[in-house]
Amino acid sequence: MRVDRVRLRNFKCYGEAELGLERGVTIVHGVNGSGKSTLLEAVFFALYGSKALGDRTLDDVITTGEEECEVELEFTHDGRSYRVERRLKLRGDRATTTKCLLEGPSGAIEGARDVRHEVTELLRMDAEAFVNCAYVRQGEVNKLIHASPGERQDMIDDLLQLGALEEYRERASDARLGVKSVLDGQREVLEDLRRQVKRKEDQELHDRLNALESSHADVVDDIERFESQRENARETLETAESVLERHEETREEIADLEEGIEELRSKIAETERKRENAGETLRERRSEREELEDERDGLLGETELETIDADAVESRIEELEARDEELRDDLEDVRVSITERNGEVERLREEADELESQAEQAREEADELDERIENDREAIADREETVDDLDDDVESARSAFDDAPVAFGGAESHLEKLESDREELVSTINDVTAEIRSVENAIEEGERLREAGKCPECGQDVAGSPHVDILEEKRETLATLEERLSGLEDDREELDERIERAESLVEAERRVDRLEENRENVAQLLEEKRESLEDRREQRNRLREEGDEHEREAETKRERASDLESEVADARTELGEINAERGEIKERLETLRRASEIEAERAELDREIETLRQRRADWETMNDERREQLSADREHKRELESEFDDDRVETARTKQSNAEQYLEKVDEKLASLEADRDELQGKIGGVEEKIEELERLRDRLETVEEKLERLDSLYDEAETLQTTYGELRAELRQRNVETLERLLNETFDLVYQNDSYAAIDLDGEYRLTVYQKDGEPLEPEQLSGGERALFNLSLRCAIYRLLAEGVEGTAPMPPLILDEPTVFLDSGHVTQLVSLVESMRDLGVEQIVVVSHDEELIGAADSLVRVEKDATSNRSRLERGRQTEAALLRSD
Ligand SMILES: Nc1ncnc2c1ncn2[C@@H]1O[C@H](COP(=O)(O)OP(=O)(O)OP(=O)(O)O)[C@@H](O)[C@H]1O
Ligand SMILES: [Zn+2]
């Protein structure tokens, strides 16, 4: 068995914690109070529940201040996986298990009891055996050593399941004692039975039975005789009674006959009356029939039929009705056609009216258009005149160019040229005028200077002045200039005249442009007018045609309407004819129906007459039969009256009273005889019962004797079984003791290599003795504390090994759990402990869990678990030591 995982919640100092465990040696370490032992306890608790707690109660494991606690354990056993889950809850100050579940390969088991049983079965050990073998708790060093040999014996027997053999032995012993007490009881029963049989045999029961049976036979004979006499008396009585009864019956019968006769007579009279009434009715019906026949004969003349025969009448009626039906349909058709035609006439007339008014309207529109056409024509004539006028104006305006220096169109530029020539001329004139003025001034100055004898030119004295003659030159220049000026002024005058002419030409050009534009506009308007005039003419013609067309259509419709009216008049004539024919048919039908009714009434009357006749005949027959019955009854009555005479009745009465008296007496006698017989029978029954009882006693005696024989042999068997079980257990135990002694010596040698001790002895009663080298024996209690610790560990390991080897099937081999095993050991012995642990691992213990803070042990671990308590939350925490740490510690 191997623990795979443990999970805790609110278990003592743990909040939420989980730990996976591996194969090999796991060392759990941490400071005091951190929760190491609690972790091991939790595993133990998960397996065994409250049985794992010893004196403590469930509420101890729930973390103080919490309500609920959970433990979950997963383990593998024999290659199969299991999971245990337990949940506790605090209710008041007591805790209860609210969930306990074991899931395994064959399903789930629930409930603390069943789970514990299953775990015990699986591991082949209960909680106590578990702590004795696999789980060495802290401070329990001396437990096995202090135990008495008897306690040790029980414990080891239990572990090796030798307890069962002891149980069987006890059961065999119980069985033997049980058989013994039954045997003693049966012996007493046998004695008692023998005494009873003897007493019964002494009573001579068979002689008594014979005497009683012969008296009984006599009484039975007497009873038979009296019974046959009583039978005779009863027959006599019956005969008399039947005679008297018959007499009474006859009297009643006669009375009945008289009553019947009276009844028949009155019925006959009644029926006779009915027959007469029916005869009366019959006559009445016959005369009614005659009347109907007369009426029918009268009607026959009115029909064209030869006889009034129902079928002929009926078929005639059908014919006439069919004809009437036909006529009604025709009538309906004619009416419909009249209505339709009238409607058609009205419609046609309305349409004709409508068409005529349309024609009228079209003509009016055409007249209107005529007027407008006339107006348009006048407007066109006016415009044509205007165009002609405008053409004349243009002609006259253009004539101004006839002898002009330029052609039409050149006036504008010609004027511009002339004006610029003039400007140039004016400026030349101004220049010449200015030159004249300066020459005049110069002449005036020169004359003045010359008068003063000075040079007119340079102001020097004339004598010797080169410029004296200049004045003459200037006067000549002045004359030339003045001549030039007057020429220029002539030119200007001429130019002014030409400019005037040019301006009038420009004016003429503009006028022509305006006139031509005007003419263009007028001509366009004229064209438009002409077109619209044409449109109106067409429209007017169309309207006139339309008017004519409508009038023609209206005429056609009116003709058609008057045709239809004459058709309606014809139809009305037809209508009258049909109605007349239908009136005739109606009269004939009435006659025929009456005739048919008469036939039906006549037939009914025939039937009634027949019925009445039949009934009268029936009544006659009935009364004939009654009369016969009446005479038969009278005959029968006479016969009955003659049947009985008074003597016969009297004899019967006497016989009846004698028989009655005898019967009374004989009944008394029989009753007393029967009482005697019953008494005798009771006595016989008593004796017979006693005989039967004797037989039964003899049978029981035989049975008890056989039973005693069997019990004797059973007792012997139980005794043998008891000894066998005892011997078997002693033998097995002896074998275990030898093995255990060997294993213990091996283990102790391994952990305590010391010269002081030679061997340990374990005797058949599990008494332990340690022998010193000098051969002196020592009790284990006499060893030192450390030695005791080692001795204890050796013993546990030896038991563990014995268990692993000595049990058949899969050895449970739970994890070997050691809590603080080093407490009493010195460092040298810790080394031995390490080799013990290792040798256990080598022996095939899958998991070894050790709580310790010894460095050397830590070094030997395959894995490390560190337990730590959080200072603030006060909850323990589990932490797996890293592989490197374990390896590092080991290498030190
Ligand atoms: N019901 C409980 N609720 C809370 N804490 C609890 C409860 N029961 C016990 N404890 C605490 O659990 C702690 C751990 O105890 P445990 O015996 O597991 O420690 P340890 O690590 O084995 O110490 P040591 O090395 O001294 O043996 C203790 O300090 C104790 O006060
Ligand atoms: Zn001069």
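Computed from a predicted structure; not experimentally measured.

Draft legend 1. Expanded view of the overall build of the chain. For the chain, the count of helices and strands is 15 helices and 15 strands. Rg of the C-alpha trace for the chain: 86 Å, well past the compact-globule value of 29 Å for 892 residues, more than 25% over. Viewed in the frame of its principal axes, the chain has a C-alpha envelope of about 240 × 165 × 45 Å. Residues counted as buried form 37% of the 892 residues belonging to the chain. Within the chain, contacts between residues separated by at least 24 positions form 76% of all contacts whose residues are at least 6 apart in sequence. Split by element, the accessible area of the chain, about 53000 Å² in all, is 43% carbon and sulfur. Taking the average location of the 134 positive side-chain charges in the chain and that of its 253 negative ones, the two points are 10 Å from each other.

Draft legend 2. Structural detail: the packing of aromatic side chains. In the structure shown here, the tally under the stated rule is ten aromatic pairs. Judged by centre distance (5.4 Å) and plane angle (15°), the ring pair of F44 and F130 falls under stacked. Here F130 lies in helix α3 (residues 127-133) and F44 lies in helix α1 (residues 36-48), a separation of 86 residues in the sequence. In this structure F130 comes out as buried when scored by relative accessible area, which is 1%.

Draft legend 3. Representation of the site of ligand 1 in the model. Every one of the 17 residues lining ligand 1 counts as a neighbour, but G33, G35, K36, S37 and T38 are closest to it. Within the backbone of G35, one N or O atom sits 2.7 Å away from an oxygen atom of ligand 1. Take I62: an N or O atom from its main chain is 3.0 Å from a nitrogen atom of ligand 1. Across the complex, the protein chains shield 70% of the 660 Å² of accessible surface that ligand 1 would expose by itself. Top element by residues in the shell around ligand 1 is α1. It accounts for three residues.

Draft legend 4. The packing of helix α7 (residues 205-302) against helix α10 (residues 470-643), seen in detail. Across the interface, α7 lies against α10 with an axial gap of 6 Å and an inter-helix angle of 165°. On the basis of their axis angle, the class for α7 and α10 is roughly antiparallel. Note that α7 runs across α10; the crossing there is left-handed. Each residue belonging to the contact of α7 with α10 can be placed in one class, and the counts come to 17 nonpolar, eight polar and 32 charged.

Draft legend 5. Just the sheet that holds strand β10 (residues 768-772), in detail. One open sheet holds the three strands; their spatial order is β9-β10-β11, and the pairing between them is antiparallel. This sheet does not close on itself; its edge strands, each paired only once, are β9 (757-762) and β11 (777-778). Bridge count for β10 against β11 is two bridges, and the pairing is antiparallel. Pairing of V770 across the sheet is with L778, part of β11. Against the sheet, helix α11 (residues 646-751) touches β9 and β10, its axis set at about 155° to β9.

Draft legend 6. The pattern of salt bridges, seen in detail. By the definition in use, this model includes 104 salt bridges. Residue R613 pairs with E610 through a salt bridge whose shortest N-O separation is 3.2 Å. Of this pair, R613 and E610 both sit in helix α10, three residues apart, roughly one helical turn.

Draft legend 7. Layout of the UniProt feature "coiled-coil region" (unreviewed entry) in the chain. In this numbering, the UniProt entry assigns the feature "coiled-coil region" (unreviewed entry) to residues 656-731. End C-alpha atoms of residues 656-731 are separated by 108 Å, and the span's content is 100% helix alongside 0% strand.

Draft legend 8. Layout of unusual backbone geometry. The backbone of E820 shows a phi angle near 50°, a positive value even though the residue is not glycine. Inspection of the secondary structure assignment puts E820 in the loop between β12 (816-819) and α13 (827-842). E820 gets classed as buried once you look at its relative accessible area, which sits at 13%. Phi angles above zero are rare outside glycine, and N874 is one such case at about 60°. Tracing the backbone shows N874 in the loop between β14 (863-869) and β15 (876-881).

Draft legend 9. Broad picture of the nonpolar core. Core analysis: the largest hydrophobic core is formed by 107 residues, its most contacted members being L47, Y48, L73, M125 and F130. Ranked by residue count, the leading element in this core is helix α12 (residues 785-806), at eleven residues. In this structure F130 touches F44, L47, Y48, L123, M125, Y135, P814 and I817, once residues within four positions along its chain are discounted. Judged by nonpolar contacts, the second largest core, of 23 residues, contains L425, L481, L485 and I499.

Draft legend 10. Representation of the pairing of strand β6 (residues 94-104). As defined by bridge partners, strand β5 (residues 80-91) adjoins β6 across nine bridges and the pair is classed as antiparallel. From the neighbouring strand, K89 faces β6, where its bridge partner is T96. Taking the residues that link successive antiparallel strands as the turn, the β5-β6 hairpin has two residues, and the phi of G92 there is positive, at about 65°. Relative to strand β7 (residues 107-110), β6 runs antiparallel, the two sharing four bridges. Looking at β7, one finds that L101 is bridged to E110. Counting the residues that bridge the hairpin from β6 to β7 gives two residues.

Rules behind the numbers
Residues numbered from 1 in each chain as written. Chains lettered and ligands numbered in written order. Predicted model: local features only at pLDDT ≥ 70, side-chain atom pairs only at ≥ 80, totals over all residues. Heavy atoms only, no water. Helix = DSSP H or I, 4+ residues; strand = E, 2+ residues; numbered from the N terminus. Rg over C-alpha atoms; globule rule 2.2 N^0.38 Å. Buried < 20%, exposed > 50% of the residue type's maximum accessible area, 1.4 Å probe, protein only. Contact = heavy atoms within 4.5 Å. Areas by Shrake-Rupley, 256 points an atom, 1.4 Å probe, with all protein chains shown as cover. Lys, Arg positive; Asp, Glu negative; His and termini not counted. Charge placed at Lys NZ, Arg CZ, Asp CG, Glu CD. Phe/Tyr/Trp six-rings, centres within 6.5 Å; stacked < 30°, edge-to-face > 60°. Near = heavy atom within 4 Å. Polar contact = N/O pair within 3.5 Å; in protein donor to acceptor, adjacent residues only side chain to side chain. Axes fitted to C-alpha atoms, helices over the stretch in contact; angles between N-to-C directions. Parallel < 35°, antiparallel > 145°, perpendicular 65-115°, else oblique. Left-handed = near helix turned anticlockwise from the far one by under 90°. Nonpolar A, V, L, I, M, F, W, Y, C, P; charged D, E, K, R; others polar. Pairing = 2+ DSSP bridges. Salt bridge = Lys/Arg side-chain N within 4 Å of Asp/Glu carboxyl O. UniProt positions renumbered as here; feature names shortened; annotations may be inferred. Core = buried A, V, L, I, M, F, W, Y, C linked by side-chain atoms within 4.5 Å.

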